[in-house]
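Coordinate analysis (summary)
Below are the chains, spelled out letter by letter.
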Amino acid sequence: NTLKSAKVGESYYQTLSGTDSDPSDTLTFSVNGLPSGLSFGDCTDSSSAKGSKLQCAISGTISSSGWYIVRTTLTSSTGGFDEEVYELKVISTAK
């Protein structure tokens, strides 16, 4: 899995979402491996009778170029979980 590329010194915004078929489950996200300058949060719970859904944002401004491995875990209140690994490429804007 790959997140959209970012540029050093420029604002970055990417959403991640997770679902569960049980509408009574409460979902939580955790993220590891974000580069300095990015944060994870601003979550929106849009659950309905069809199931639980959680959407959260990665946002901020990155100061160092490179490849980053970002790991996410979506956990339900009943103990289920799903882990994903993403690559994030940060491009230098230096000329």
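Just above, that's the structure.
This is a predicted model, so every value here is computed, not measured.

Some remarks on the overall build of the protein
When helices and strands are counted, the protein shows zero helices and seven strands. In sequence order, the protein lays out its α and β elements as β-β-β-β-β-β-β. Principal-axis analysis of the C-alpha atoms gives the protein an extent of 50 × 20 × 15 Å. Of the contacts formed within the protein by residues at least 6 apart in sequence, a portion of 65% connects residues at least 24 apart. With the model as given, the accessible surface of the protein reaches about 5700 Å², and the carbon-plus-sulfur share is 45%. With 7 positive and 10 negative side-chain charges, the protein shows a separation of 15 Å between the mean positions of the two kinds.

So, unusual backbone geometry
Unusually for a residue other than glycine, aspartate 42 sits at a positive phi of about 50°. Tracing the sequence through the fold places aspartate 42 in strand 4 (residues 38-45).

Comments concerning the sheet that holds strand 5 (residues 52-61)
Read from one edge to the other, the open sheet built from three strands follows the order 2-5-4, with strand pairing classed as antiparallel. The open sheet has two free edges, formed respectively by strand 2 (11-20) and strand 4, since each of these has just one partner strand. Recorded for the sheet is a direction-independent mean angle of 20° between the axes of neighbouring strands. When strand 4 meets strand 5, the two strands line up antiparallel, connected through six bridges. Note on strand 5: the bridge partner recorded for phenylalanine 40 is isoleucine 58.

About the cut-offs
Residues numbered from 1 in each chain as written. Predicted model: local features only at pLDDT ≥ 70, side-chain atom pairs only at ≥ 80, totals over all residues. Heavy atoms only, no water. Helix = DSSP H or I, 4+ residues; strand = E, 2+ residues; numbered from the N terminus. Contact = heavy atoms within 4.5 Å. Areas by Shrake-Rupley, 256 points an atom, 1.4 Å probe, with all protein chains shown as cover. Lys, Arg positive; Asp, Glu negative; His and termini not counted. Charge placed at Lys NZ, Arg CZ, Asp CG, Glu CD. Pairing = 2+ DSSP bridges. Axes fitted to C-alpha atoms, helices over the stretch in contact; angles between N-to-C directions.

Worth remembering: the numbers are spatial, not functional.
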